[in-house]
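# Overview (structure and organization)
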Amino acid sequence: MNTTVRSPDTERTGPPAGLGTFAGVFTPSILTILGIILFLRLGYVVGSAGLGRALVIIALANAISILTSISLSAVATNLRVKGGGDYYLISRTLGVEFGGSIGLVLFLAQSVSIGFYCIGFAEAAAAFSPDASALTTRLIAFGAVSFLFIFAWLGADWATRFQFVVMALLLAALGSFFWGGFIHWDPALLKTNWIPPESAVPFWVLFAIFFPAVTGFTQGVSMSGDLADPGKSLPLGTFLAVGISIIVYLATALIFSASLPNAELTANYGAMKTISRYGFLIDAGVVAATLSSAMASLMGAPRILQSLSADRVFSFLKPFAKGHGPSQNPRRGVLLSAAIAILVIALGQLNLVARVVSMFFLISYGLLNYATFFEARAASPSFRPRFKWFSPHLSLLGFLTCAGVMLAIDPRTGAAAIAVLFAIHQYLKRTAGPARWADSSRAYHMQQARNHLLEAAKDPAHDKDWRPRLLILDHGEKRRDPLLTFSSWIEGGAGFALAVHITEGEGAVAKKTRQDRQTERAGFIMERELPIFPLTVCAPEFSDALEVVLQGSGFGPTTPNTVVLNWFSKPGDTIPGTNRYHYVQQLRTMFRFGFNIAVLQTTPDTWRNARETPVAERRIDVWWQNDATSRLMLLFAYLMTRTAPWGEAAIRVLTKGSGANINDEKKALNQILEDVRIEAEAFVVPSFEPGTVVENSRNTTIVFLPFTLKANRLTDATGHSFDKSLPQLPMSVLMLAAEDIDLDSEPEEGSAALIAGAEDALEAAREKAAKAEKHADIARETVERLNHKLARLETDRSGEIPPEKHKELRKKVDTAEKEAQDAFRRAAKAKTKAKDAEKTAEDAIGPPNSKKPPGKGQNQ
């Protein structure tokens with residue numbers, strides 16, 4: 001026996017099976033769709049619902065088929081489809097968890113369906129013998145499974161030949177029925193049967209009876225591994241099968257309504273035989289329909305199992321990955337599917353299982369639609385389906401329709417099916433190893449990150465939105481672990497961290513070194529599961545590269561705002577090729593570019609003590625001066641307590657006070673802590689002298705201390721060097737803030753409030769200018785009217801105007817002209833103020849009516 005294991009990453013070995021569209025997709029799909037429901041239940045649905053509602057049921061059920069076929073065609077024409085059908089398409093899009101769960105339940109559902117179809121065949125065959133018992137029916141069903149097993153064992157070619165015989169019988173049966181329907185056609189009866197009977201069966205009950213008729217349109221997809229050209233055959237064959245089946249079902253429903261009354265259709269499951277020209281052909285059609293559906297499931301289920309096993313999703317299924325012969329016929333899967341079918345036949349009572357199986361099919365269609373929508377929404381440049389009639393909105397509609405139909409048909413059974421899928425999904429989420437293929441999850445996350453960053457950049461920065469965006473200078477392998485681990489603590493699950501390693505050198509050797517360092521550091525970070533991105537840079541000089549890195553790292557809202565690095569211990573240990581003088585100068589460069597600075601001082605002993613201290617006994621000391629650096633240290637200390645290693649740690653904030661003002665200082669500090677909503681203990685010390693710091697913090701776990709840059713050295717709050725105090729302290733963090741973060745900022749404060757104020761002032765200035773212009777126009781019109789009146793009187797009645805009246809009118813004209821001049825001056829002044837307000841608003845937000853994001857400044 002020639003058996004080989006098929007790799008999940010390659011095509012099956014040997015020559016391709018070469019099934020075409022007609023034999024590989026159209027035939028198994030159409031034969032499964034035109035099944036037992038068509039022959040024995042469609043008449044009951046039409047009679048119980050009336051022709052009008054029956055057409056709605058057929059249309060809704062087939063709408064799911066059409067929408068899912070569109071999604072199927074999009075995915076199938078976007079990648080090279082291998083064996084596994086629905087499982088392959090879903091797993092390569094949504095990932096191993098979704099694919100594995102749906103693949104397993106689809107295999108079980110199709111295997112169980114074999115038993116159902118064979119029982120249907122047995123009942124149809126037993127109807128020829130009035131004395132047949134339940135045992136006889138089961139024996140016939142067992143025989144049918146054994147008969148179909150032979151074709152499935154021999155391979156797809158033999159099964160296809162058998163399906164051609166079945167199709168001939170189906171065509172003969174349908175031809176006989178349509179011939180008889182033409183003879184019995186009664187337009188008056190058709191009109192009468194349009195409405196449902198008085199005691200109509202509920203719509204969704206009838207829909208649940210009919211829906212299994214359309215679940216066979218993906219049988220061809222299960223044969224994807226045996227197709228010569230899956231990308232072409234799957235869409236074409238599926239749409240042909242769905243389109244022709246829709247025509248057949250609609251025509252059959254019309255003939256039922258035009259041939260027999262609704263009451264007879266409801267009472268007689270054999271109505272099709274009654275209408276048919278030759279009734280025995282309907283019996284043959286029933287037999288053919290049940291056997292063809294069972295054959296399609298017996299061919300599809302093992303191939304899903306084989307693909308699932310080849311992908312090593314479930315370790316216990318590995319033996320089923322082996323295939324036989326050049327076409328890799330999954331004989332082991334055929335054996336298992338046949339065994340499940342025989343077990344189903346032996347159980348007998350199958351109504352509950354039947355409903356769950358229908359739900360599994362609905363879930364698979366829903367997930368296939370969602371997978372296509374998910375792929376489209378990910379907006380990956382690699383998503384280029386050749387199927388041009390695809391729309392992500394149609395895929396979403398297909399998913400929602402499947403979900404709605406599940407709830408409408410049977411909420412409890414649907415919930416049970418979803419629970420089974422969820423349990424398998426969670427199992428795979430915990431046990432699945434490294435991904436063996438690229439799905440669309442990363443593309444989706446990248447697209448979401450892009451969209452969210454663009455939206456975040458549209459809004460002005462605010463202190464309440466401040467997050468740590470760390471630029472970690474990772475140099476020195478011995479101190480890498482403490483530096484990166486500490487950075488993950490102060491990131492607190494709220495920000496971003498970029499670990500930069502600058503390699504000095506030029507040419508091919510430097511490039512190779514950079515690649516090696518990048519790989520090494522990426523592995524280091526992945527091994528420890530740190531939320532940090534590695535970046536290795538190659539440059540001739542470290543100092544030149546540092547300035548470029550400081551200015552060019554990140555983009556938009558992800559631009560770093562804090563540099564984290566190790567304390568200087570010896571030349572080259574923290575920054576390549578530097579002594580203490582150069583180290584301080586590099587810190588100045590960082591500060592000049594607007595970065596906060598966090599310098600970590602650890603030794604093997606202090607790092608070990610910090611890691612070995614029980615979580616509940618850990619303490620963080622923050623030396624407080626009520627300035628920008630103090631607020632930044634307090635915020636980082638709080639962020640540390642949001643991580644698991646420091647979740648139970650206590651924060652102690654130490655401030656300076658002496659004499660009578662100790663209580664006042666402590667009270668003021670407690671008030672600040674309450675205002676900023678950080679739980680910490682206020683503690684007052686007499687000074688910030690090095691000895692006092694060592695005395696009070698030598699037994700803590702980690703201590704945050706402020707530092708300043710003076711001349712060419714780092715100094716503490718009292719101007720002293722750290723050389724004597726740091727060796728006596730536990731793990732220490734020296735900090736210098738380049739930005740002042742308001743820990744108690746209000747939403748109405750900050751740049752957003754300034755922008756809003758500028759917009760309000762601009763609007764008010766424009767309104768005032770408009771009113772002033774309106775008043776000026778009114779004054780001008782008044783002057784013109786009075787001048788016109790005066791001129792008319794002087795022209796027409798110059799000799800008759802009394803001097804008093806002429807003088808009074810002239811006075812009114814002069815007064816109006818003066819008021820008009822004043823109005824024009826006020827309007828001009830208002831316009832000037834409006835222009836000033838517009839310039840202020842433009843400085844804040846850019847052009848009027850826009851929401852220009854702020855520039856790159858590090859204080860955002």
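Keep in mind that what you see is a predicted model, and the values were worked out from it rather than measured.

Moving on: the overall build of the protein. Within the protein, the secondary structure is distributed over 29 helices and 14 strands. Expressed as a percentage of the 860 residues in the protein, the buried residues total 50%. The contacts in the protein between residues at least 6 apart in sequence include a share of 82% that link residues at least 24 apart. Of the roughly 39900 Å² that the protein leaves accessible, carbon and sulfur atoms contribute 59%.

The tally for this structure, following the rule as stated, stands at 15 salt bridges. Across the pair D605 and R608 runs a salt bridge whose closest N-O atoms are separated by 2.6 Å. Taken as a pair, D605 and R608 lie in helix α24 (residues 604-612) at a separation of three residues, close to a single helical turn. Of the residues examined, R608 reaches a relative accessible area of 38% and is grouped as partly exposed. A salt bridge links D621 to R652; the shortest N-O distance between them is 2.8 Å.

Applying the stated criterion to the full structure yields 30 aromatic pairs. Seen in terms of ring centroids, F149 and W153 are 5.6 Å apart; in terms of plane orientation they differ by 35°. Their pairing is tilted. Note that F149 and W153 are positioned in helix α6 (residues 134-154) at a spacing of four residues, about one turn of the helix. What makes W153 partly exposed here is its relative accessible area of 25%. Note on F239 and F387: the rings are 5.6 Å apart at their centroids and 15° apart in plane angle, and the pair reads as stacked. Of the two residues, F239 sits in helix α11 (residues 230-259) while F387 sits in the loop between α16 (351-377) and α17 (392-409), which places them 148 residues apart along the sequence. Since its relative accessible area comes to 13%, F387 is described here as buried.

In this section: the pairing of strand β10 (residues 681-685). Two elements, strand β9 (residues 650-656) and β10, share five bridges in a ladder whose sense is parallel. Among the inter-strand pairings, V653 is bridged to a residue of β10, identified as A682. Crossover handedness for the path β9 to helix α26 (residues 662-676) to β10: right-handed.

On to the pairing of strand β11 (residues 702-706), then. With five of five residues buried, β11 lies mostly within the body of the structure. Here β11 shows two buried faces, one formed by I702, F704 and P706 and the other by V703 and L705. Pairing of strand β8 (residues 619-624) with β11 involves three bridges; the strand directions are parallel. Paired with V622 across the bridge in β11 is F704.

Take the packing of helix α1 (residues 21-33) against helix α14 (residues 279-310) next. A pair of packed helices is characterised by two quantities: the angle between their axes and the separation of those axes. Axis separation between α1 and α14 bottoms out at 8 Å; the angle between their running directions is 130°. On the basis of the axis angle, α1 is oblique to α14. Considering how the two elements wind past one another, α1 and α14 form a crossing that is left-handed. Residue-level contacts link P28, L31 and T32 of α1 to A289, S292, S293 and A296 of α14. Of the residues that constitute the contact of α1 with α14, the class distribution is four nonpolar, three polar and no charged.

Together, W179, F182, I183, Y278 and F280 make up an exposed nonpolar region whose accessible area comes to about 610 Å². No other element matches helix α7 (residues 156-184), which puts three residues into the nonpolar patch. Examined against the element boundaries, F182 turns out to sit in helix α7. On the accessibility criterion, F182 (70% relative accessible area) is exposed.

Read from one edge to the other, the open sheet built from ten strands follows the order β5-β4-β3-β6-β7-β14-β11-β8-β9-β10, with strand pairing classed as mixed. If you trace the sheet from one side to the other, it starts and ends with β5 (533-539) and β10, each paired once. Geometrically, the sheet is characterised by an average inter-axis angle of 25° between neighbouring strands, direction not taken into account. Alignment of strand β3 (residues 469-473) against strand β6 (residues 562-566), held across three bridges, turns out to be parallel. Bridge pairing in β6 places L471 opposite V563. Its contacts with the sheet put helix α25 (residues 628-640) on β3, β6, β7 (596-601), β8, β9, β11 and β14 (731-736), and the angle it makes with β8 is roughly 170°.

Position of P28 among the secondary structure elements: in helix α1. Under the relative-accessibility criterion, P28 is labelled buried at 5%. Distance from P28 to M167, taken between C-alpha atoms, is 9.6 Å for residues 139 residues apart in sequence.

With that settled, the discussion passes to unusual backbone geometry. Even without being a glycine, R312 presents a positive backbone phi close to 55°. Positionally, R312 belongs in the loop between α14 and β2 (322-324). Despite not being glycine, N626 has its phi angle at roughly 60°, a positive value. Relative to the helices and strands, N626 resides in the loop between β8 and α25.

With that settled, consider the confidence of the model for the protein. Here the protein shows a mean pLDDT of 83. Residues at 70 or above account for 87%. Low confidence marks residues 1-17, where pLDDT is under 50. Its contacts with residues over four positions away, or in another chain, come to 40 contacts. The model gives residues 847-860 a pLDDT under 50, and that stretch makes 34 contacts with residues more than four places away or in other chains.

Analysis parameters
- Residues numbered from 1 in each chain as written.
- Predicted model: local features only at pLDDT ≥ 70, side-chain atom pairs only at ≥ 80, totals over all residues.
- Heavy atoms only, no water.
- Helix = DSSP H or I, 4+ residues; strand = E, 2+ residues; numbered from the N terminus.
- Buried < 20%, exposed > 50% of the residue type's maximum accessible area, 1.4 Å probe, protein only.
- Contact = heavy atoms within 4.5 Å.
- Areas by Shrake-Rupley, 256 points an atom, 1.4 Å probe, with all protein chains shown as cover.
- Salt bridge = Lys/Arg side-chain N within 4 Å of Asp/Glu carboxyl O.
- Phe/Tyr/Trp six-rings, centres within 6.5 Å; stacked < 30°, edge-to-face > 60°.
- Pairing = 2+ DSSP bridges.
- Right-handed = clockwise from strand over helix to strand, strands pointing away.
- Axes fitted to C-alpha atoms, helices over the stretch in contact; angles between N-to-C directions.
- Parallel < 35°, antiparallel > 145°, perpendicular 65-115°, else oblique.
- Left-handed = near helix turned anticlockwise from the far one by under 90°.
- Nonpolar A, V, L, I, M, F, W, Y, C, P; charged D, E, K, R; others polar.
- Patch = residues over 30% accessible without salt bridge, like charges linked within 9 Å, V, L, I, M, F, W, Y side chains within 5 Å.
- pLDDT = per-residue confidence, 0-100.

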